[in-house]
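Below are the chains, spelled out letter by letter.
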Amino acid sequence: MAAAKAPASAGNETYLEGLNPEQREAVLTTEGPLLVLAGAGTGKTRVLTTRLAHIIGTRLAWPSQTLTVTFTNKAAREMRERALSMLGEAGEGLRWLGTFHSISAQILRKHAELAGLKSTFTILDTDDQVRLCKQIILAENIDPKRWTPRFLASLIDGWKNRALTPGKVPPEEAHQFADGKGITCYQIYQNRLKVLNACDFGDLLIHNITIFQNNPDLLKEYHDKFRYILVDEYQDTNVAQYLWLRLLAQGSQNICCVGDDDQSIYGWRGAEVDNILRFEKDFPGAKVIRLEKNYRSTKHILAAASAVIANNKGRLGKTLYVGDDNAIDEIDAAKVKVRGLWDGEAESRLIADDIESWVSKGGKHDDCAVLVRASWQMRAFEERFIMLGIPYRVIGGPRFFERAEIRDALAYLRLVRSPDDDLAFERVVNQPKRGVGNTSLIKLQSYARQDGRSLFTLTPMVLQTDEIKGGAKRGLTQFIDHVNLWRDKLANGMPHTELAETILEESGYTDMLQKDRSPQAQTRLDNLKELVRAMGEFDSLAGFLEHIELVMDTSAGGAGEDQVQILTLHAAKGLEWPVVFLPGWEEEVFPSKRSMDESGLKGLEEERRLAYVGITRARQQAYISFVANRQIYGRWQSVLPSRFVDELPHDHVEAVSETGYSGMPGGDTGFTGSVEDLGERSNYKSPGWKRLKENAGRFDTRPPKDATNLSATSGGPETFRKGQRIFHDKFGYGRIAHSEGNKLTVDFEKSGRKKVIATFVQPA
DNA sequence: GATAAGAGGGTTTTT
DNA sequence: CCCTCTTATC
């Protein structure tokens, strides 16, 4: 971009072409609170980046005097890249650009003692939290089956999202858990964290808030430090984050938030859309500007997304329109395609084919993304892509840092750095096996509880008594000695990667895996090597631990390669691609059953916003698909098309049934045309669709093993027509020979053989 | 205390 | 279906 080289103040103007003069001035006016309400693809991030560049470029503040907050690490990374490309060297030193959590962690490290912590505190992940909750539940004699640790953890999380410390939880809510013990557990939990010298994600913000509230002088320092505050995705802030921002913004009042109420998709994590609706009240004198001109997508994509989101009540409401200078020639723009298929395999096959043909026409894999509702849906695509050799990258997915071996290695490192970290101690004290079993651990824990000291500091004293004998004693002694030795090495300046290797070697962990002949063992060793490699990118152990505790991000490698991206809808927010595939639009999958069970209409509306986010990720072409049968958690189920499919506007959507699935309107005739043409056949009125609905859940429609690649059939055995042409991966093209009873026989052209390809079983 | 087999429970999204 | 936690047995 040419603007990168131009003087900052002049160059930045070119980034704001779509804004009217008044809006442009507001963005570049640097005084007072500003809210930018911006629909999808209207250049939200660009506005924010431009403002940041303007502030720095015109020397209103040094980079280190600006605070820029995002929600995801990916967004932070992107923001930094964009700012640097606009500013060049002037942008060096954007120290306070990051996620809410990473920035508040930085601040907390500096003033940890004000929150009763040491600056080496560890940050617990979800798994640690749940384990801690379990211990508390057991200690309090609560039935862990009736009141699960997970539930307690989410309850506490919810309170922290709303900035409720144990003293502030409303009494009626305190009774939600184990007949009123909820608040007690919360209190114990907090006390335990203090002893462990640890905090969880929520604490990072809560501690910040308390420290600021109790130390006005310190807060004043931060007011002076942060002269300009910029916030991305404001609609996703929770109460704690809002309070944190308000405290920091009290000084300069120069806070600029951008957001879109239609893209609020983190309600389950405590996000309050209210924050954005209330902005003008919270920040008196605030300017509000609206961006409604979309630069990203074709009119069909926009129309489809708008029509779906229009079904939501309780939104600010805005009308997006297509910029006349959009890259895509409007005349040639393709409609959004909606496709019904037999099962998930057919779906992944079709999508893989589409990607191949896109690439054969000169497109890149990079241009394509598959956006799913839940990560279990990713596997089908991975399998197909591997089979065809399509390069792909999973973003998010099963997380590297959540693997057992990685967590073990990290626990060793944590313990070396922070001896009070009991959770780390418990995790690795007998891993690999050292003869320290449950009994010994319970003994140690009861002593530790009495003394109020950590396991690690207390164990040497217990070892001097005869309380623990034999193998357990030997194991513990060796363990303690090792950790002390490693700690010395760290203190004496051993490089952290070398330390990690030493620990893995001397603890016997590598040995254990090498002796393990199971197929996973090699992967685990590889993962550990990868971990050490990743550590090398940081210059200290502290820096590394800080990073992984917060980031837990696997997307580091592989960026920039030409790969199809597979990710969840949540992870896709803020990103865009020319071609976007949106599979799995079935009731109970998307909108997700769980979300609707738990949050009813509110949940449904959030799911719909997710659909809106999904569609608007596409620049040129969006493909929506649903299937008749889906394997969910190992069980075959017949499923219905999502209600969101029905909400799509007929004028802008093309219904395609390339595979002869008669559950799809017109599917049994191989029809291709507009949804409007299908008229009354759509909206569940087609015979196949109707039957699907009636028979939902009644048939076990699993095809026999040798016909798993079946790609053309219908909603039930009686819907097959003789002579109907179908395709089967293994046997090629064929025509239906008989549909008798519950068996379907096909005549295959290539082999000339008749074959039973599907058996329908009606459960008793 | 270690190991193997069995029962039971939970299956969304993320910092 | 997969993973964890519990129980039984050595």
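Residues numbered from 1 in each chain as written. Chains lettered and ligands numbered in written order. Predicted model: local features only at pLDDT ≥ 70, side-chain atom pairs only at ≥ 80, totals over all residues. Heavy atoms only, no water.

Here we come to the UniProt feature "binding site: ATP" (unreviewed entry) in chain A. Those places that UniProt annotates as "binding site: ATP" (unreviewed entry) correspond, in this numbering, to A38, G39, A40, G41, T42, G43, K44 and T45. With respect to the helices and strands, T42 occurs in the loop between β1 (34–38) and α3 (44–57). Residue T42 is classed as buried on the basis of its relative accessible area, which comes to 2%. One can find T45 in helix α3. The residues touching T45, leaving out its near neighbours within four places in the chain, are M79, R82 and D232. (UniProt positions renumbered as here; feature names shortened; annotations may be inferred. Helix = DSSP H or I, 4+ residues; strand = E, 2+ residues; numbered from the N terminus. Buried < 20%, exposed > 50% of the residue type's maximum accessible area, 1.4 Å probe, protein only. Contact = heavy atoms within 4.5 Å.)

Moving on, we come to unusual backbone geometry. At the junction of Q431 and P432, the peptide bond is cis and its omega measures out at 5 degrees in the coordinates. Note on placement: P432 falls in the loop between α19 (422–428) and α20 (438–451). In this structure, P591 follows F590 across a cis peptide bond, with omega equal to 10 degrees. As for its position among the elements, P591 is in the loop between β15 (577–582) and α28 (593–615). Of note in the backbone geometry, N197 takes a positive phi value of approximately 55 degrees without being a glycine. On the secondary structure map, N197 appears in the loop between α9 (182–196) and β5 (198–199). On the basis of relative accessibility, which here comes to 3%, the residue N197 falls in the buried class. With a phi angle near 65 degrees, Q253 is a residue other than glycine that sits in the positive phi range. Mapped onto the elements, Q253 comes out in the loop between α12 (239–249) and β7 (255–259).

Here six strands make up an open sheet; going across it, the order is β3-β2-β6-β7-β1-β8 and the pairing parallel. With one partner strand each, in any of the chains shown, β3 (97–99) and β8 (287–291) form the two edges of the open sheet. The sheet shows a mean angle of 15 degrees between the axes of neighbouring strands, direction not considered. Both strand β2 (residues 66–70) and strand β6 (residues 228–231) contribute to a ladder of four bridges, which runs parallel. Residue V69 lies in a different strand from β6, and its bridge partner there is V231. Docked against the sheet, helix α4 (residues 73–87) engages β2 and β3, running at close to 165 degrees with respect to β3. (Pairing = 2+ DSSP bridges. Axes fitted to C-alpha atoms, helices over the stretch in contact; angles between N-to-C directions.)

By nearness alone, 29 residues border DNA strand B, and R373, S375, T439, S440 and R594 come closest of all. R373 has a polar side-chain atom sitting 2.2 Å from a base oxygen of DNA strand B. Between H570 and DNA strand B, the recorded distance is 3.3 Å, taken from a side-chain N or O atom to a base oxygen. Mapped onto the surface near DNA strand B, the elements with two or more residues apiece are α20 and α28. The biggest single contributor to the surface near DNA strand B is α28, with three residues. Split by residue class, the surface near DNA strand B holds eight nonpolar, 14 polar and seven charged. (Near = heavy atom within 4 Å. Polar contact = N/O pair within 3.5 Å; in protein donor to acceptor, adjacent residues only side chain to side chain. Nonpolar A, V, L, I, M, F, W, Y, C, P; charged D, E, K, R; others polar.)

This part covers the pairing of strand β16 (residues 618–632). In the case of a regular strand, side chains alternate between the two sheet surfaces. Most of β16 sits inside the fold, with twelve of its 15 residues counted as buried. Two strands pair when backbone bridges link them, and strand β11 (residues 336–343) and β16 are joined in this way by six bridges, in the parallel orientation. The partner of G340 across the bridge, within β16, is F626. Direction of pairing for β15 relative to β16: parallel, over a ladder of five bridges. Residue pairing across strands places V580 opposite A622, the latter belonging to β16.

Take the nonpolar core next. The biggest cluster of nonpolar side chains holds 45 residues, and the ones touching the most others in it are L67, I229, V231, Y234, W244, L245 and L248. Going through the elements one at a time, β1, β2, α5 (100–110), α10 (201–214), α11 (216–225), β6, α12 and β7 are the ones with two or more residues in this core. For this core, the element with the highest residue contribution is α12, accounting for seven residues. Counting residues in each nonpolar core, the second largest holds 44 residues, with L410, V429, A500 and I503 among its members. (Core = buried A, V, L, I, M, F, W, Y, C linked by side-chain atoms within 4.5 Å.)

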